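# An overview of the molecular structure
Here's the letter readout for the chains.
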Amino acid sequence: MAAEDSSKRDRFARKMTAILNAGALNLGIAIGYRTGLFDAMETLPEAGDADAMAAAAGLNRRYVEEWLGVMATGGIVELIPTPAGAPHYRLPPEHAAFLCRRADSVNLAVYTQEIPLLTRLALEPVIASFASGAGVPYRCYPEFQGFMNELAAAKHESLLVQRFLPSVNGGRLLERLRRGIRVCDLGRGQGVATRLMAEAFPESRFRGFDLDPEAIAEAAAAAHHRHLTNLSFEVRDAAHLSADPNLKGGFDFVTAFDAIHDQSRPLEALRGVLHLLAADGLFSMIDIAAESAHQDNLNHSMGPFLYTVSLLHCLPVGLNDGGAGLGMMWGRERALDLLAEAGFSRVEIVEMDFDPFNRHFQCRP
Ligand SMILES: C[S@@+](CC[C@H](N)C(=O)[O-])C[C@H]1O[C@@H](n2cnc3c(N)ncnc32)[C@H](O)[C@@H]1O
């Protein structure tokens with residue numbers, strides 16, 4: 001074997017080893033997040049042994065000890081040898097900033113749940129679909145809405161009202177929201193974003209639409225619990241909005257947060273948004289920041305992660321009923337094409353330095 005081939009082979013062997021370790025660490029971090037171990041470790045004033053960590057989290061010492069082995073060898077927690085007896089462990093504050101529930105918009109540990117959850121829910125149907133080309137029905141993902149809500153909550157609660165809305169239409173949307181406008185949030189899930197907007201702008205009226213009756217029921221219950229009277233939720237298929245004459249021109253602002261790429265009829269959904277909008281209305285489509293061609297995503301910092309989430313969820317649900325199957329990584333070019341085909345003549349991409357995962361397509365009829 002030529003020297004160049006051999007070093008390429010060695011490099012790839014090292015990469016494969018790193019992949020096995022990173023995959024295992026993803027799961028270890030997911031366990032630490034779910035069980036509250038990171039949060040418990042952060043509360044401890046000083047490093048401690050496995051007994052101290054288990055006691056702080058209220059968990060079994062032996063399991064915690066094994067988990068600390070994963071975390072210490074993976075460089076997530078620091079191991080401090082002690083001259084006699086068991087080692088001590090410490091969660092560095094620089095790591096805790098990304099791993100604990102308080103981390104809000106930089107909470108990366110919450111994302112470690114995503115691939116284990118999707119694997120449990122959909123790996124077998126997705127593998128079967130590799131042969132058949134079929135979609136995977138939403139009923140295969142019973143807990144996924146709850147998880148997406150957790151993700152959305154972590155992000156929206158710190159960014160939506162504080163950073164995102166002030167960035168829309170050069171800041172001019174805020175004044176309209178304060179005075180009172182009609183807003184529709186499409187593909188709403190369990191409703192965190194709609195609720196936060198409704199709380200911040202009591203003079204405006206908000207309606208959240210989603211295909212999923214359970215998510216809508218959760219969203220409505222949360223709004224009721226908070227006595228919000230300017231907010232309502234409805235089960236609606238975005239592909240059929242244009243067929244309802246009562247909705248025509250009924251909204252001044254429409255949002256779709258990561259909700260267009262999952263649609264099996266995205267073109268009809270975008271035409272439905274046009275149907276909803278008043279003549280001077282504005283549509284904010286927030287979707288994953290990617291390009292459409294694989295070669296243009298080679299340097300995407302989250303490329304393999306996002307394509308995998310797409311493979312296990314967004315693509316298969318988008319293929320249901322012979323659907324378009326855009327996938328999460330449909331990217332800027334396809335998004336602009338589809339928006340133009342739907343009839344949006346003025347589309348502007350607004351940069352969001354506070355949310356590098358996403359891109360904001362600000363669209364006018
Ligand atoms: C990735 S989730 C985003 C949820 C929410 N917007 C957020 O930011 O967390 C996509 C949502 O689109 C909804 N959805 C998919 N197809 C739809 C359709 N045809 N009509 C309405 N909602 C749909 C799903 O039920 C899901 O709640």
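Everything quoted here is computed from the prediction, not taken from an experiment.

Let's shift gears to the overall build of the protein chain. Secondary structure assignment for the protein chain yields 13 helices and nine strands. Radius of gyration (C-alpha) of the protein chain: 23 Å, near the 21 Å computed for a compact globule of 365 residues. When the backbone C-alpha atoms are referred to their principal axes, the protein chain occupies close to 75 × 60 × 35 Å. Residues classed as buried in the protein chain amount to 35% of the 365 residues present. When contacts within the protein chain are restricted to residue pairs at least 6 apart in sequence, long-range pairs at least 24 apart make up 67% of them.

What follows concerns the domain arrangement of the protein chain. Domain assignment breaks the protein chain into domain 1 (3-99) and domain 2 (112-364). Here the C-alpha centroids of domain 1 and domain 2 sit 35 Å apart. At the junction of the two partners, domain 1 supplies five residues and domain 2 supplies four residues. Class assignment for the residues of the side of domain 1 that touches domain 2 results in four nonpolar, one polar and no charged.

Bridge analysis of strand β4 (residues 205-210) against strand β5 (residues 231-235) gives five bridges, and the strand direction is parallel. Each residue of the ladder has a partner; that of Phe209, found in β5, is Glu234. Remark: the β4/helix α10 (residues 213-225)/β5 crossover connection has right-handed handedness.

Before going further, it helps to spend a moment on the site of the ligand. Neighbouring the ligand are 19 residues; Ala152, Gly187, Gly189, Ala238 and Phe257 lie closest to it. Listing elements by their share of the shell around the ligand, those giving two or more residues are α7 (144-167) and β4. A per-class count over the shell around the ligand returns 10 nonpolar, three polar and six charged.

Glancing now at the environment of Arg62. With respect to the helices, strands and loops of the structure, Arg62 is situated in helix α4 (residues 61-73). Sequence separation of Arg62 and Asp51 is 11 residues, and the distance between their C-alpha atoms is 8.7 Å.

Before going further, it helps to examine the nonpolar core. With 66 residues, the main nonpolar core has Leu186, Met197, Val254 and Val273 as its most contacted residues. In contact with Val273, not counting residues within four places along its chain, are Leu186, Val254 and Phe283. Core analysis: the next-biggest nonpolar cluster, separate from the first, contains 20 residues, Ala50, Tyr89, Cys100 and Ala109 among them.

Look at His227: it is not a glycine, yet its phi comes out positive at around 55 degrees. Phi is positive for Asp258, which is not a glycine, with a value near 50 degrees. In this structure, Asp258 sits in the loop between β6 (251-257) and α11 (266-276).

Attention now goes to the pairing of strand β7 (residues 277-288). Of all 12 residues in β7, nine are buried, a share of seventy percent or more. Relative to β7, β6 is paired through six bridges, and the arrangement is parallel. By the bridge assignment for β7, Phe253 is matched with Leu282. For the crossover from β6 across α11 to β7, the handedness is right-handed. Summarising the sheet, β7 and strand β9 (residues 358-364) pair through six bridges and their orientation is antiparallel. Bridged to Ser284 within β9 is Gln362.

Take the sheet that holds β9 next. Taken together, the seven strands give an open sheet; going across it, the order is β5-β4-β3-β6-β7-β9-β8, and neighbouring strands pair in mixed fashion. Single-partner strands in this sheet number two, and they are β5 and β8 (346-350). Adjacent strand axes in the sheet meet at a mean angle of 20 degrees, parallel and antiparallel pairs treated alike.

Before going further, it helps to examine the packing of helix α6 (residues 114-132) against helix α12 (residues 303-318). At a minimum axis separation of 9 Å, α6 and α12 run at an interaxial angle of 60 degrees. The interaxial crossing formed by α6 with α12 has left-handed handedness. Residues Glu114, Ile115, Leu118, Ala122, Val126 and Ser129 of α6 lie in contact with α12, whose contacting residues are Thr308, Val309, Leu311, Leu312, His313 and Pro316.

It is at 10 Å that the axes of helix α1 (residues 3-34) and α4 come closest, and there the two elements cross at 130 degrees. Taken together, the axes of α1 and α4 lie oblique to each other. For the crossing formed where α1 meets α4, the hand is left-handed. Residues Ala24, Leu25, Gly28, Ile31 and Gly32 of α1 form the contact with α4, whose own contacting residues are Trp67, Val70 and Met71. Residue classes in the contact of α1 with α4 are distributed as six nonpolar, two polar and no charged.

Cut-offs and rules
- Here the residue numbers are simple positions, counted from 1 along each chain's written sequence.
- Note on the predicted model: pLDDT of at least 70 is required for a residue's local features to be given, and 80 or more for side-chain atom pairs to be given and counted; whole-chain, interface and lining totals, by contrast, use all residues.
- Put simply, DSSP H or I for four residues or longer makes a helix, DSSP E for two residues or longer makes a strand, and each gets a number counted from the N terminus.
- Radius of gyration here is computed from C-alpha atoms only, and the compact-globule reference equals 2.2 Å multiplied by the residue count raised to the power 0.38.
- Any residue surrounded by 20 or more other C-beta atoms within 10 Å of its C-beta is treated as buried, while 12 or fewer makes it exposed and the intermediate range makes it partly exposed; C-beta atoms here are placed from the backbone.
- We call two residues in contact when the distance between their C-beta atoms, placed using the backbone, is within 7 Å.
- For the purposes of this description, domain bounds are those given by an automatic or database domain assignment.
- Any residue that is not Ala, Val, Leu, Ile, Met, Phe, Trp, Tyr, Cys, Pro, Asp, Glu, Lys or Arg is counted as polar, Gly included; the first ten are nonpolar and the last four charged.
- Think of it this way: DSSP has to see at least two bridges between two strands before they count as a pair.
- Place the viewer so that the strands point away; then a crossover is right-handed whenever the path from the first strand over the helix to the second strand goes clockwise.
- As a rule, any residue with its backbone-derived C-beta atom within 6 Å of a molecule or strand is reported as near that molecule or strand.
- Nonpolar cores are built from buried Ala, Val, Leu, Ile, Met, Phe, Trp, Tyr and Cys residues. These are joined into a set through C-beta atoms within 7 Å.
- Working convention: axes come from line fits to C-alpha atoms, limited for helices to the stretch in contact. Angles between N-to-C directions cover 0 to 180 degrees.
- The crossing is said to be left-handed when, going from far helix to near helix, the turn is anticlockwise and less than a right angle, and right-handed when the turn is clockwise.
- To sort the angles, those under 35 degrees are grouped as roughly parallel, those over 145 as roughly antiparallel, those from 65 to 115 as roughly perpendicular, and the leftovers as oblique.

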